[in-house]
Amino acid sequence: MSAVLMSTETAFVARQSIEQVEEGTLLAPKFGPDGLLPVVTTDVVSGEVLMMSVMNETALLRTIETGEAHYWSRSRQTLWHKGATSGLVQKVVEIRIDDDQDAVWLRVEVAGGASCHVGYRSCFYRAVVTPPSSRPVALAFTETQKVFDPQRVYGDAPNPTQL
């Protein structure tokens, strides 16, 4: 990890042309009006989708510089170092940016084998039942066992899921 993190002003270049954004060799991310960039995180070995989240400029820069995933928590409105509380740190093996540089794909190794705060390996542990046989539409579990017990890991920490 860098002793001093570089500022976002020097880390990313300004978006000047479509050719530069699509074919250039310098990072020029396009954050949304809310200052966020969507991120899909997958297991580096299996390719399994572990989670979808967002990053602000600081989270993207910290991820690049530390080699560990950082996100922006919309529910808590704060920078979030994945695994800082649980120990389930996501070690970044590769960071990819999409063609117009407005979405990130992280390929990671996960300490402890899980990425979901509910205890499952993946945050995508249910599938929508299709075609729907009734209303409301049903969900089916695709993961049947939790990797860890969230109550033991997080204790009394507030649940990040918002109603």
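Residues numbered from 1 in each chain as written. Predicted model: local features only at pLDDT ≥ 70, side-chain atom pairs only at ≥ 80, totals over all residues. Heavy atoms only, no water.

Participant: Can you walk me through the overall build of the protein chain in this structure?
Facilitator: A count of helical and extended segments in the protein chain gives four helices and eight strands. Along the protein chain, helices and strands appear, N-terminal first, in the series α-α-β-β-α-β-β-β-β-β-β-α. Along the first, second and third principal axes, the C-alpha atoms of the protein chain reach 50 × 40 × 30 Å. Pairs at least 24 residues apart make up 46% of the contacts formed inside the protein chain by residues separated by at least 6 positions. Here the protein chain displays about 10100 Å² of accessible surface, and carbon together with sulfur accounts for 53% of that area. The positive charge centre, built from 14 side chains, and the negative charge centre, built from 19, are 9 Å apart in the protein chain. (Helix = DSSP H or I, 4+ residues; strand = E, 2+ residues; numbered from the N terminus. Contact = heavy atoms within 4.5 Å. Areas by Shrake-Rupley, 256 points an atom, 1.4 Å probe, with all protein chains shown as cover. Lys, Arg positive; Asp, Glu negative; His and termini not counted. Charge placed at Lys NZ, Arg CZ, Asp CG, Glu CD.)

Participant: Would you take a moment to explain the sheet that holds strand β6 (residues 104-110) for this structure?
Facilitator: A sheet is described by the order of its strands in space; here four strands give the open sequence β2-β1-β6-β5, paired in mixed fashion. Strands at the two margins of the open sheet, each flanked by one partner only, are β2 (49-55) and β5 (90-97). Within this sheet the neighbouring strands show an average axis-to-axis angle of 25 degrees, counted without direction. Examined bridge by bridge, strand β1 (residues 37-43) and β6 share five bridges and lie parallel to one another. Note that in β6 the partner of valine 40 across the bridge is tryptophan 105. Lying on the sheet, helix α3 (residues 57-66) is in contact with β1, β2, β5 and β6; it crosses β2 at an angle near 125 degrees. (Pairing = 2+ DSSP bridges. Axes fitted to C-alpha atoms, helices over the stretch in contact; angles between N-to-C directions.)

Participant: Looking at this model, I keep getting lost on the pairing of β1. Mind explaining?
Facilitator: Consecutive residues of a regular strand have side chains that alternate between opposite faces of the sheet. Of all the seven residues making up β1, five are buried; the element is thus mostly covered by neighbouring parts of the structure. Pairing of β1 with β2, which is carried by six bridges, proceeds in the antiparallel orientation. For proline 38, the partnering residue across the bridge sits in β2 and is valine 54. Adjacent in sequence and paired antiparallel, β1 and β2 are bridged by five residues, among which glycine 47 carries a positive phi angle near 80 degrees. (Buried < 20%, exposed > 50% of the residue type's maximum accessible area, 1.4 Å probe, protein only.)

Participant: I'm lost on a negative patch on the surface in this one. Help?
Facilitator: Residues Glu19, Glu22, Glu23, Asp99 and Asp100 make up a contiguous surface patch of negative charge. As for its position among the elements, aspartate 99 is in the loop between β5 and β6. Judged by relative accessible area, aspartate 99 falls into the exposed class, the value being 54%. (Patch = residues over 30% accessible without salt bridge, like charges linked within 9 Å, V, L, I, M, F, W, Y side chains within 5 Å. Salt bridge = Lys/Arg side-chain N within 4 Å of Asp/Glu carboxyl O.)

Participant: What is the right way to read the pattern of salt bridges from this model?
Facilitator: Oppositely charged side chains can pair when the atoms bearing their charge come close. Considering all chains together, one arrives at four salt bridges under this definition. Residue glutamate 94 is joined to arginine 96 by a salt bridge in which the shortest nitrogen-to-oxygen separation is 3.0 Å. You can call glutamate 94 partly exposed: its relative accessible area is 26%. Residues arginine 107 and glutamate 94 are paired through a salt bridge, measuring 2.7 Å at the closest nitrogen-oxygen approach. Within this pair, whereas arginine 107 is found in strand β6, its partner glutamate 94 is found in strand β5, the two being separated by 13 residues in sequence. Counted as one network, the salt bridges with shared partners bring together Asp43, Glu48 and Arg121.

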